[in-house]
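Breakdown of the fold
Chain by chain, the residues run as shown.
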Amino acid sequence: MVKKEITSPAKLKKELEEAKAELVSRNKKLKLSVKTEAKKKVDKKKAVAKKKAEAKKKVDKKKAVAKKKAEAKKKVDKKKAEAKKKVDKKKAEAKKKEEAKKKAEEAKKKEEEAKKKEEEAKRTYEEELEEQLTEDEIKNFAIDKTDMDKLVNRVTEMIASYATNGILQNILWRKLKLSSRDGSRLALKLEKLGNITREKILENGRWTYLLLIKKIPISTISIENAPCLVCPVEGKCSTDGEISPKTCVYIEDWVLTELKTKKRHETN
Ligand code: SF4
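Residues numbered from 1 in each chain as written. Predicted model: local features only at pLDDT ≥ 70, side-chain atom pairs only at ≥ 80, totals over all residues.

Let us now look at the overall build of the protein chain. Each helix and strand counted, the protein chain has seven helices and three strands in total. Each helix (α) and strand (β) of the protein chain, taken in turn from the N terminus, gives the series α-α-α-α-β-α-α-β-β-α. Here the C-alpha atoms of the protein chain give a radius of gyration of 65 Å, more than 25% beyond the 18 Å that 2.2 N^0.38 yields for 268 residues. Each of the 268 residues in the protein chain was classed as buried or not, and the buried ones make up 9%. (Helix = DSSP H or I, 4+ residues; strand = E, 2+ residues; numbered from the N terminus. Rg over C-alpha atoms; globule rule 2.2 N^0.38 Å. Buried ≥ 20, exposed ≤ 12 C-beta atoms within 10 Å, placed from the backbone.)

Here you go:
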C-alpha cells in the first residue's frame, strides 16, 4: 500500500471519497462476481436437473413402450389362449362324439353277435327231424298218393338246374306246392340218397337250407316212351344210314313232346 501525503483537508476529503468510490466499485464487482457464481451454480443445477428430467422422460417413455408391448403381447397371448381353448374344446367334443360312436358301434356289434349266437343256438326243424327219425325212415319217406321216384327225380333235376348257386328250400317247396313239413322230409331224403347237399344259412334272420346238387340220378323215366324201344326197324337204324335218328319223324315227335312235358312241369 502506497502512503500518500495529506496536505490539506480538501485533499483528505478527496482522498476519502476516492477510497470510498473504490470500495463501492470493488464491492459492486464482488457482489456481481458472487451473483454470477451463484447463477452459474443454479444454471448448472438446472442443467443437471433438466438432464435428469430428460433421462427420466426417456426411461418413462421406454417403460411406456415396454408396457404397451407387454399389454399387446398379453392380448395376443389371451387371444391365443382363447383360440387354443376353443380348439381344445372342439377336440374334446369330437373325442367325446367319437367315443360315443365307438361305444354305440360296439354295443351294436355285441347285440348283433348275441343275436347271431342266439340264432345259431336255435335248432332247425330239420335238425330235430334228423334226431327223431332213423335213416331208413328218412330214406323211405313218402307222400300219400305220390310217385316218390318221379318226385325225387323231378326235384333233383330242378335243383340241378340251379347248378352251383343252389336254391333255398322254401322257394323250391313253394314251386312244388309242398308243405314245409313234407319239403323238409323230402330234402333229408334227397340228402340221404346222396342226390343233394344242404347248406344251413341265415336268411332274413331265420335259419334255412340252401339245396345244392350233388348227383343227378340216372333215370329210365326219361326214355321209357322213346320210340326206338319198340321200333321195328331199330336194327337197320344208324346215324349214317338210310334209316337214321337224324331223319326219323318218330324220334322228332318224341323229343318235342318230352320238351313240352318238361316245360309244363317246371312252370307248375
Ligand atoms: S330213330 Fe327212329 S328209326 Fe331209328 S330206331 Fe329210333 S324210332 Fe326207329
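Next up on the list: the domain arrangement of the protein chain. Domain annotation of the protein chain identifies domain 1 (59–121), domain 2 (123–218) and domain 3 (220–268). Spacing between the C-alpha centres of domain 1 and domain 3 amounts to 83 Å. (Domains from an automatic or database assignment.)

So, on to the sheet that holds strand β1 (residues 167–168). Within a sheet, neighbouring strands are paired by backbone hydrogen bonds and run either parallel or antiparallel to one another. The sheet built from three strands is open, its strands ordered β1-β3-β2 with antiparallel pairing. One side of each edge strand has no neighbouring strand; the edge strands of this open sheet are β1 and β2 (196–203). Of the strand pairs in this sheet, β2 and strand β3 (residues 206–213) are connected by eight bridges, and their pairing is antiparallel. Residue pairing across strands places E199 opposite L210, the latter belonging to β3. Helix α6 (residues 180–192) contacts β2 and β3 of the sheet and is inclined by roughly 135° relative to β2. (Pairing = 2+ DSSP bridges. Contact = placed C-beta atoms within 7 Å. Axes fitted to C-alpha atoms, helices over the stretch in contact; angles between N-to-C directions.)

Taking 1.5 Å per residue as the helical rise, α6 with its 13 residues ought to reach 18 Å, and the 18 Å between its terminal C-alpha atoms agrees with that figure. Of all the residues in α6, the buried ones are G183, S184, R185, L186, A187, L188, K189 and L190. On its buried side, α6 packs onto α2 (125–132), α3 (135–139), α4 (148–161), α5 (169–176), β2 and β3. Phi turns positive one or two residues past the end of α6, at G194, with a value near 85°. (Expected span 1.5 Å × (residues − 1).)

Of all hydrophobic cores here, the largest spans 14 residues; its most connected members are V155, I159, L186, A187, L190, I196 and L211. Those elements giving two or more residues to this core turn out to be α4, α6 and β3. Sort the elements by how many residues they give to this core and α6 lands first, with four residues. Ignoring any residue separated from it by four or fewer positions in sequence, one finds I159 in contact with I167, I196, L211 and I213. (Core = buried A, V, L, I, M, F, W, Y, C linked by C-beta atoms within 7 Å.)

Looking at the ligand, the residues that line it are P227, C228, C231, V233, E234, C237, I243, P245, C248, Y250 and I251. Broken down by class, the residue content of the shell around the ligand amounts to 10 nonpolar, no polar and one charged. (Near = placed C-beta within 6 Å. Nonpolar A, V, L, I, M, F, W, Y, C, P; charged D, E, K, R; others polar.)

What follows concerns the environment of R123. Of note, R123 is situated in the loop between α1 (9–121) and α2. You can call R123 exposed: it has 11 C-beta atoms within 10 Å. For the pair formed by R123 and W207, sequence separation is 84 residues and the distance between their alpha carbons is 8.6 Å.

Attention shifts here to the packing of α2 against α6. Axis separation between α2 and α6 bottoms out at 10 Å; the angle between their running directions is 60°. In terms of crossing hand, the pair formed by α2 and α6 is right-handed. Between α2 and α6, the residues in contact are Y125, E126, L129 and E130 and S184, R185, A187 and L188, respectively. (Left-handed = near helix turned anticlockwise from the far one by under 90°.)

The next subject is the environment of E242. Relative to the helices and strands, E242 resides in the loop between β3 and α7 (249–267). The exposed category is assigned to E242, around which 9 C-beta atoms lie within 10 Å. Residues E242 and P227, 15 residues apart in the sequence, show an inter-C-alpha distance of 17 Å.

Attention shifts here to unusual backbone geometry. Of note, A163 is a non-glycine position whose phi angle comes to about 45°, a positive value. Residue position: A163 is located in the loop between α4 and β1. Judged by local crowding, A163 falls into the exposed class, with 10 C-beta atoms found within 10 Å. The backbone of K177 sits at a positive phi, close to 55°, despite the residue not being glycine. In this fold, K177 is placed in the loop between α5 and α6. For K177, a count of 9 C-beta atoms within 10 Å translates into the label exposed.

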